[in-house]
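The lines below spell out each chain.
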Amino acid sequence: MEFENILFTVEEGIATITINRPKQANALNAATVRDIEKAVDYIAGSKDVQVVIITGAGDKFFVAGADIKEMADYNPKQAGDWGTYGAGVITKIERLPQPVICAVNGYALGGGCEISMACDFRYASDNAVFGQPEVGLGIIPGFGGTQRLARLVGPGMAKEIILSNQNIDSAEALRIGLVNKVVPQAELMPAAIKTAKKIMKQGPVAVQIAKKAINNGLQCDIITGIQFESNVFGLCFATKDQKEGMKAFMEKRKADFKGE
Ligand code: CO8
């Protein structure tokens, strides 16, 4: 696969997408979003990928937002189309069957913060900065930021960040639950890989079903969510992984999951 603005690798079950436009702060122009979509579509259909890590190239920027220079002269129709396309690609990340860890290695602003929030959870380097600075540009977040930030940190905190254009550092992001862990830059990818490998030791089908149950539940009322959970809990018993997982427990050995 050929890419213009991302680096893409699959090694030992871990797919890594590295957003790579270093001279432009890894900002998301249309070509970059198309690259991300191509990688995500590939991952969605891949049996080899068990966990995904998304990060940025370098040690200063994760993604400093959508490319302001590219969209500055858009008319409302072009801007609406760009928002719909970008938000759709970011939702594809959220809907990947595999778990997605975001390793936020620096500024995650605007569309960068929005990509991180579509991932299942976020680890940050200690120099990371999060923000949705769109109102300072006379626009609003357009890749799902108003919705996902409010769901992740609550409406009050989301409104303060978005309405006052208040960037937050990694310590504050940890405090409000936007990230799960803050580590020095050099330890960021190792920390993400360590957790990816821990996930890969679990029953692969169960991991994907658990992700889906959590995501589905966040879109509906709790009774419907619990009903969905009960249904897919039952389905787990149709897998070889369930037989192996429980047999291994009783035989006091490690499970040898096949993802079936
Ligand atoms: N777009 C385009 N270029 C950018 C962007 C960006 N978002 N951010 C940085 N760059 C470029 C700079 O212009 C500069 O390029 P050049 O050297 O050619 O001038 C280069 O990257 C390095 O940036 P700086 O020199 O500014 O680096 P600093 O360390 O001084 O500052 C900051 C780093 C604080 C990250 C600063 O660059 C900044 O504030 N960037 C803009 C952040 C921002 O406002 N992001 C939000 C963008 S809007 C958005 O994401 C909306 C998403 C939804 C769109 C939906 C459309 C409908």
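Predicted model only: the values in this text are computed from it and were never measured.

### Thoughts on the overall build of the protein chain
- Within the protein chain one finds 11 helices and 10 strands.
- Each principal axis of the C-alpha distribution contributes one length, and for the protein chain these read about 65 × 40 × 35 Å.
- In the protein chain, which comprises 260 residues, the share counted as buried stands at 45%.
- Accessible surface computed for the protein chain: about 13600 Å², of which carbon and sulfur atoms make up 58%.
- Within the protein chain, the 29 negative side-chain charges are centred at a point lying 6 Å from the centre of the 29 positive side-chain charges.

### Details of the packing of helix 4 (residues 111-118) against helix 5 (residues 145-153)
- Viewed as axis vectors pointing N to C, helix 4 and helix 5 meet at an angle of 55 degrees, and their least axial separation amounts to 10 Å. Looking at the two axes, helix 4 sits oblique to helix 5. Of the two possible hands of crossing, helix 4 and helix 5 adopt the one that is left-handed. Between helix 4 and helix 5, the contacting residues are E114, M117 and A118 on the first element and G145, R148, L149 and L152 on the second.

### What about the nonpolar core?
- Judged by nonpolar contacts, the single largest core of 47 residues is most densely connected at I36, I54, I93, I115, F130 and L178.
- Considering each element in turn, this core owes the most residues, 6 residues, to helix 1 (residues 30-44).
- By size, the runner-up hydrophobic cluster in this structure holds 14 residues, among which are I53, I101, A191 and V207.

### As for the site of the ligand
- Around the ligand, the structure places 26 residues, and the nearest of them are K60, A64, A66, K69 and G111.
- One of the side-chain nitrogen or oxygen atoms of K60 is found 2.5 Å away from an oxygen atom of the ligand.
- Interatomic distance of 2.9 Å between a backbone N/O atom of A64 and a nitrogen atom of the ligand.
- Look at the ligand: alone it shows 1100 Å² of surface, and the protein chains cover 68% of it.
- Taken together, the elements giving at least two residues each to the shell around the ligand come down to helix 2 (68-71), helix 3 (76-94), strand 6 (107-109) and helix 4.
- Residue composition of the shell around the ligand, by class: 14 nonpolar, 6 polar and 6 charged.

### Section: a positive patch on the surface
- A cluster of like positive charges, contributed by K181, K194, K197, K198, K201 and K254, occupies part of the molecular surface.
- In terms of residue count, the dominant contributor to the positive patch is helix 8 (residues 185-200) (3 residues).

### Quick word on the pattern of salt bridges
- Here the structure, examined in full by the defined rule, presents 12 salt bridges.
- One salt bridge connects K240 with E260, and the closest N-O pair in it is separated by 3.4 Å. With K240 in helix 11 (residues 240-250) and E260 in the segment after helix 11, this pair connects stretches of sequence that are 20 residues apart.
- For R253, the salt bridge goes to E251, with nearest N and O atoms at 2.7 Å.
- Of the residues examined, R253 reaches a relative accessible area of 33% and is grouped as partly exposed.
- We classify E251 as partly exposed; its relative accessible area is 41%.

### With respect to the side chain of R148
- One can find R148 in helix 5.
- Overall, the relative accessible area of 12% leaves R148 in the buried class.
- At a separation of 3.2 Å, a polar atom in the side chain of R148 contacts the side chain of T91.
- If we ignore the near neighbours within four places in the chain, the residues touching R148 are I90, T91, E94, M117, A118 and F143.

### Some points on helix 4
- Most of helix 4 is tucked away, with 8 of its 8 residues classed as buried.
- Listed in full, the buried residues belonging to helix 4 are G111, G112, C113, E114, I115, S116, M117 and A118.

### Looking at the sheet that holds strand 9 (residues 168-169)
- Across the sheet, 4 strands lie side by side as 4-6-8-9; this open sheet has mixed pairing. On the outer flanks of this sheet lie strand 4 (61-63) and strand 9, each paired with one strand and no other.
- Sheet strands touched by helix 4: strand 4, strand 6 and strand 8 (129-131). Its angle to strand 6, the strand with the most contacts, is close to 95 degrees.

What counts as what
Residues numbered from 1 in each chain as written. Predicted model: local features only at pLDDT ≥ 70, side-chain atom pairs only at ≥ 80, totals over all residues. Heavy atoms only, no water. Helix = DSSP H or I, 4+ residues; strand = E, 2+ residues; numbered from the N terminus. Buried < 20%, exposed > 50% of the residue type's maximum accessible area, 1.4 Å probe, protein only. Areas by Shrake-Rupley, 256 points an atom, 1.4 Å probe, with all protein chains shown as cover. Lys, Arg positive; Asp, Glu negative; His and termini not counted. Charge placed at Lys NZ, Arg CZ, Asp CG, Glu CD. Axes fitted to C-alpha atoms, helices over the stretch in contact; angles between N-to-C directions. Parallel < 35°, antiparallel > 145°, perpendicular 65-115°, else oblique. Left-handed = near helix turned anticlockwise from the far one by under 90°. Contact = heavy atoms within 4.5 Å. Core = buried A, V, L, I, M, F, W, Y, C linked by side-chain atoms within 4.5 Å. Near = heavy atom within 4 Å. Polar contact = N/O pair within 3.5 Å; in protein donor to acceptor, adjacent residues only side chain to side chain. Nonpolar A, V, L, I, M, F, W, Y, C, P; charged D, E, K, R; others polar. Patch = residues over 30% accessible without salt bridge, like charges linked within 9 Å, V, L, I, M, F, W, Y side chains within 5 Å. Salt bridge = Lys/Arg side-chain N within 4 Å of Asp/Glu carboxyl O. Pairing = 2+ DSSP bridges.

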